[in-house]
Amino acid sequence: MSISDPSKRVELPSSMEGKTVLVAGAAGFVPSTVSEFYLNLGAKVIGLDNFVTGSRSNIEILNKYENFEFHECNIYESLPDFSGVKIDYILSLASPASPIDFKVLPLEIMRVNSEGTMHLLELAKDKGARFLEASTSEVYGDPEIHPQREDYVGHVNPIGPRACYDEAKRFAEAMTMSYHTKYGVDTRIIRIFNTYGPRMRPNDGRVIPNFINQAMKGEDLTVYGDGLQTRSFCYVTDLVNAIHNVLFSHDHTPFNIGNPDEYTILDAAKYIIEALGSTSKIVHLELPKDDPKRRRPVLDKLQAVSDYRPQVSFKDGIAKTALYFKEIAQKN
Ligand code: NAD
Ligand code: UDP
């Protein structure tokens, strides 16, 4: 099961027919988009979710595919009985991810990334499945090194308001590596940088859905602090492409994935007001404690072994995401 040459190039399969992919968190924004990608490649997809932050409408989209099977369950309590079921790939994508969830769901976040991840790793061990853990740029904390490479070990406050998420993801990475080194489980780790797009919750709390929905309603855009902190925004289809490349890489150590296109939050707010032709103004609210000041991925590691390049510009990504939010506002 172990990989001999991490520098070997990614080899993408042209089809996934006959393969089964288990997606934990399938009702969520990124995981439902990943699930649909693998269904379109011909795989059978088994989705798991407890709907803590996911939505039933995302599962309705996936239910239209005959190769999709769904189990409602809380993965840190227990997994369904998969005895006799062949599983080739396990994608560990279940976790609340918005800073507004950190206040409300801190223990659920810690449990899903520790006990939940362990249940999925045990299943991967039993089935001989390849396992992919969705970690985050948050493992770098408020980084002292910019931009961030995978060998930067981070600057995380272990007792701050973001600690439940940052430390749980660091633990999930450590456990994933331990299952690889102790049991030879064929693991991969991705560190996802800020990703946005259709299927996010309108009230998700993260900056892009907030700004788009505020601009659409003519409400003030809520910039936290002076807005000079930066983020690098990736459109969801580019992220899915990056996940696919890492899954078929030959390296167990973490890969940054995202888009290095970096914006100040203030510029993102101004851009969204202009692009949507909105009359909204900008207001400044208090900056949350430990809010990272700068964030941009170095993608050299993935790009050295694959053809991965983000394809969707911020302009196009915002237009597609705004269209999605307009459509769901009209339905409600
Ligand atoms: P999301 O909240 O839309 O999706 C997460 C899904 O996991 C939800 O459907 C939720 O209901 C489900 N879930 C949570 N706890 C569960 C449990 N105990 N049992 C079963 N299901 C559970 O969030 P997302 O943005 O799509 O994030 C998906 C993954 O990617 C997460 O692991 C997140 O930490 C990671 N990530 C996302 C980003 C981003 O910018 N979107 C950045 C870094 C990391
Ligand atoms: N932010 C903001 N207004 C909002 C939501 C977020 O100014 O309505 C800022 C937040 O303080 C952070 C950045 O936008 O600096 C990205 O926040 P988000 O919650 O999307 O994700 P984070 O990268 O902080 O996890």
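Throughout what follows, the structure given in this document is the object of discussion. What you are looking at is a predicted structure, and each value in this text was computed from that prediction instead of being measured.

Scanning the protein for helices and strands turns up ten helices and 13 strands. Compactness check: the protein gives a C-alpha radius of gyration of 19 Å against a globular reference of 20 Å for 332 residues, within 12% of the reference. The buried share of the protein, reckoned over its 332 residues, is 55%. For the protein, restricting intrachain contacts to residue pairs at least 6 apart in sequence, the fraction spanning at least 24 positions comes to 81%.

For the rest of this paragraph, the subject is the sheet that holds strand β2 (residues 44-49). Ordered in space as β3-β2-β1-β4-β5-β6-β11, the seven strands form an open sheet in which the pairing is parallel. Two strands bound the open sheet, and with one partner strand each, they are β3 (68-72) and β11 (255-257). With direction set aside, neighbouring strand axes in the sheet form an average angle of 20°. When strand β1 (residues 20-24) meets strand β4 (residues 89-92), the two strands line up parallel, connected through four bridges.

As a further point, take the site of ligand 2. Taken together, 18 residues surround ligand 2, and among them T222, Y224, R231, D291 and R295 come closest. Between ligand 2 and V207 there is a distance of 2.8 Å, counted from an oxygen atom to a backbone nitrogen or oxygen. T222 is positioned such that a nitrogen or oxygen atom in its backbone is 2.5 Å from a nitrogen atom of ligand 2. For ligand 2, the accessible surface in isolation is 510 Å², of which the surrounding protein chains cover 95%. Elements that contribute at least two residues to the shell around ligand 2 include exactly α6 (207-217) and β8 (221-224). A class-by-class count of the residues in the shell around ligand 2 yields seven nonpolar, five polar and six charged.

Right, let's get into the packing of helix α4 (residues 106-127) against helix α5 (residues 163-183). Two elements in contact, α4 and α5, have axes separated by 9 Å at closest approach and are oriented at 15°. On the basis of their axis angle, the class for α4 and α5 is roughly parallel. The chirality of how α4 crosses α5 is right-handed. Listed contacts from α5 to P106, I109, M110, N113, S114, T117, M118, L121, E122 and K125 of α4 are C164, Y165, A168, K169, F171, A172, M175, T176, Y179 and Y183. Classifying every residue of the contact of α4 with α5 by side-chain character gives 13 nonpolar, four polar and three charged.

This part is about α4. Along its 22 residues, α4 runs 31 Å from first to last C-alpha, staying within 8% of the 32 Å computed at 1.5 Å per residue. Most pronounced at V112, the bend in α4 amounts to some 35°. Turning to α4, its buried residues number three or more, namely I109, V112, N113, S114, G116, T117, L120, L121, L123 and A124. G128 sits one or two positions beyond α4 and adopts a positive phi of about 65°.

Definitions and cut-offs
Per chain, the residues get numbers from 1 upward, laid out in the order the sequence is written. Lettering of chains starts at A and numbering of ligands starts at 1, both following the order in which they are written. Confidence filtering applies because this is a predicted model: local features only for residues at pLDDT of at least 70, side-chain atom pairs given and counted only at 80 or more, and all residues used for totals across whole chains, interfaces and linings. Side-chain metrics rest on all non-hydrogen atoms present in the structure, leaving aside hydrogens and water. Helical segments are the DSSP runs of H or I of at least four residues, strand segments are the runs of E of at least two, and each set is numbered from the N terminus. For a compact globule the rule gives 2.2 Å times the number of residues to the power 0.38, and the radius of gyration it is set against comes from C-alpha atoms. Accessibility here uses a 1.4 Å probe with only protein chains present; expressed as a share of the type maximum, an area under 20% marks a residue as buried, one over 50% as exposed, and anything in between as partly exposed. It only takes one pair of heavy atoms within 4.5 Å for two residues to be counted as in contact. Here a strand pair is declared whenever DSSP counts at least two bridges between the two strands. Between N-to-C directions, angles cover 0 to 180 degrees, with each direction set by a line fitted to C-alpha atoms, over the stretch in contact for helices. Whether a residue is near a molecule or strand depends on its heavy atoms: if one lies within 4 Å, it is near. We call two N or O atoms a polar contact when they sit within 3.5 Å, provided that within protein one can donate a hydrogen and the other can accept it, with sequence-adjacent residues counted only if both atoms are side-chain atoms. In short, Shrake-Rupley with a 1.4 Å probe defines the accessible areas, and a residue's cover is counted only from the protein chains shown. For this scheme, ten residues count as nonpolar: Ala, Val, Leu, Ile, Met, Phe, Trp, Tyr, Cys and Pro. Four count as charged, namely Asp, Glu, Lys and Arg, and the remainder, Gly too, count as polar. What sets the label is the angle itself: under 35 degrees gives roughly parallel, over 145 gives roughly antiparallel, 65 to 115 gives roughly perpendicular, and the rest give oblique. Two helices that cross are described as forming a left-handed crossing if the nearer one is turned anticlockwise from the farther one by less than a right angle, and a right-handed crossing if clockwise. By this rule, a helix spans an expected 1.5 Å times one less than how many residues it contains. One axis fitted to the seven residues ending at a residue, another fitted to the seven starting there: the angle between these axes is the bend at that residue.

That is the geometry; function is a separate question.
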